[in-house]
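Tertiary structure, described
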Amino acid sequence: MRGMTRRVYLHIGAPKTGTTYLQDRLALNRAELAKHDVHYPLGLQASHFKAALDLLDVSWGGQREDARGEWGRLMDRVRRHDGTVIVSHEILAGARPAQIRKAMADLEGSEVHLVYSARDLARQIPAEWQEGVKHRRRRSFARFLTQVQNARRTKPTMWFWRAQGLPDVLTRWGDGLPPDRIHLVTVPQSGAPRDLLWERYCSAFGIDPAWAPEESDRENVSIGTAETALIRKLNRRLKKAGLEGPDYRRLVRQVMVHETLAQRPHMTRATLPPTAYGWVDEIAQEWIDWVEGSGIDVVGDVAELRPARPEPDAPWRNPDRPRRREMVDAALDALVAMTVEAANRPDPNAQLGAKIGRAARRLRGQ
């Protein structure tokens, strides 16, 4: 390579900060971006998820073997380009120091920039709890919140803080990088213009938003408290029934959650209990102090890391105790969707009926 002609932006997360929309828009506009010497390298995989999974070397619901070798293949594609190259996946935030050293070694010869997107904890904690439920977790919100509050935030072992703990993530990943190559994108508070976050990402990557004109309609959707409670209960029974990971991802996460439950109108969203706001305010101030003292580049406003408090007289709905009627309605919508899906997927080998029968017998303890 002649001099340093490749600039690589590693967007490492955090989860639930508009990353699905960002990655889809980059993918949709790959050809147009390439005209401006901006590259988003994809091979047979439609995203950088498997490459990130390969680097982190974790099971992720039994998907590890399918990802083997993907990080190396992504690095090969990165090295084929000059100009600007963007690598983006939110699970990279959870990488351990040895994995980060490998990533940086693989990018030797490139001008590496780090991009991290952060959102206030009052929105992130309920969002991550729901995301866990969509990945077969069965924890109540109360238990999850207690675990988050009690977990170590410096050199954490809990995944939440490894991916969401702003100072820890940027200390791990930013080791050896000058501050002006570390870019923090703050997620605007609710009610901001739709394109504001996208424009901030573009600013962090050093690209013109007009270079990616095709819009994306993808997002990592959230569901309400009744819908989440339904999936939690279902997860318990599906574990006993022995549903395999690929079937769960295809049927429950995609058809039931993303395509059905997430589309229901007037859902009750999960929020922090009022007693937790003092705690998240303290952490937000710690983060703001750390950012302001670090000298890193901020795209947005660090004040957006402070949670927007609810009105003092606003009622709080316990996410673990949704209204029964809402749960019944959600369950009926889910049942309709799965019935239609089954009708549209005839099994020529009659294996589907046998699988259903085995699952039913497990549930009955036979």
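Up top you'll find the structure we're talking about.
Summary of the structure given here. (Residues numbered from 1 in each chain as written. Predicted model: local features only at pLDDT ≥ 70, side-chain atom pairs only at ≥ 80, totals over all residues. Heavy atoms only, no water.)

Across soluble globular proteins, nonpolar side chains have a tendency to be buried as a group. Y116, I125, W161, L166, W173 and L272 are the most contacted members of the largest nonpolar core, which totals 77 residues. The dominant element in this core, judged by the number of residues it contributes, is helix α13 (residues 277-294), at seven residues. Apart from the residues within four sequence positions on either side, W173 is in contact with L10, I12, L55, L92, A93, A95, I100, A103, M104 and L114. Residues Y21, L42, I86 and A212 belong to the second largest nonpolar core, which totals 21 residues. (Core = buried A, V, L, I, M, F, W, Y, C linked by side-chain atoms within 4.5 Å. Buried < 20%, exposed > 50% of the residue type's maximum accessible area, 1.4 Å probe, protein only. Helix = DSSP H or I, 4+ residues; strand = E, 2+ residues; numbered from the N terminus. Contact = heavy atoms within 4.5 Å.)

Further remarks concern the pairing of strand β4 (residues 111-118). Within β4, eight of the eight residues are buried, leaving the element largely enclosed by the surrounding structure. Note that strand β1 (residues 6-11) and β4 share five bridges and pair parallel. Looking at the pairing, V8 lines up with V112 of β4. (Pairing = 2+ DSSP bridges.)

On the surface, V328, L332 and L335 cluster together into a nonpolar patch covering about 280 Å² of accessible area. Within the secondary structure layout, L335 lies in helix α14 (residues 324-343). Residue classification places L335 among the exposed positions, given a relative accessible area of 53%. (Patch = residues over 30% accessible without salt bridge, like charges linked within 9 Å, V, L, I, M, F, W, Y side chains within 5 Å. Areas by Shrake-Rupley, 256 points an atom, 1.4 Å probe, with all protein chains shown as cover. Salt bridge = Lys/Arg side-chain N within 4 Å of Asp/Glu carboxyl O.)

Let us now look at the packing of aromatic side chains. Here the structure, examined in full by the defined rule, presents nine aromatic pairs. For the ring pair Y21 and W198, a centre distance of 6.5 Å and an interplane angle of 80° mean the geometry is edge-to-face. With Y21 in helix α1 (residues 19-28) and W198 in helix α10 (residues 196-205), the pair connects residues that are 177 residues apart, well separated along the chain. Take W198: its relative accessible area is 4%, and that puts it in the buried class. Each ring, one from F144 and one from F160, has its centre 6.0 Å from the other, and the planes form 85°; the classification is edge-to-face. Pair noted here: F144 is in helix α7 (residues 141-150) and F160 is in helix α8 (residues 159-164), with a separation of 16 residues, a long-range link. (Phe/Tyr/Trp six-rings, centres within 6.5 Å; stacked < 30°, edge-to-face > 60°.)

Another aspect to go through is the pairing of strand β3 (residues 83-88). Burial within β3 is extensive, with six of its six residues counted as buried. Looking at chain direction, β1 and β3 are connected through six bridges and run parallel. Paired with H11 across the bridge in β3 is S88. Inspection of the sheet shows strand β2 (residues 38-39) paired to β3 by two bridges, in the parallel sense. Bridging from a neighbouring strand, V38 pairs with T84 of β3.

All right, on to the environment of D24 then. When you line up the elements, D24 lands in helix α1. The spatial distance from the C-alpha of D24 to the C-alpha of A262 is 19 Å, given a sequence separation of 238 residues. Polar contacts involving the side chain of D24 include one to the side chain of S216, which spans 2.6 Å. (Polar contact = N/O pair within 3.5 Å; in protein donor to acceptor, adjacent residues only side chain to side chain.)

Quick look at the pattern of salt bridges now. All told, the structure shown has 23 salt bridges when counted by the stated rule. Across the pair E131 and K134 runs a salt bridge whose closest N-O atoms are separated by 3.2 Å. Highlighted residues: E131 and K134, both in helix α6 (residues 121-134), separated by three residues, approximately one helical turn. Looking at E131, the relative accessible area reads 14%, which means it is buried. On the accessibility criterion, K134 (3% relative accessible area) is buried. Between E326 and R317 there is a salt bridge, with the nearest N and O atoms lying 3.6 Å from each other.

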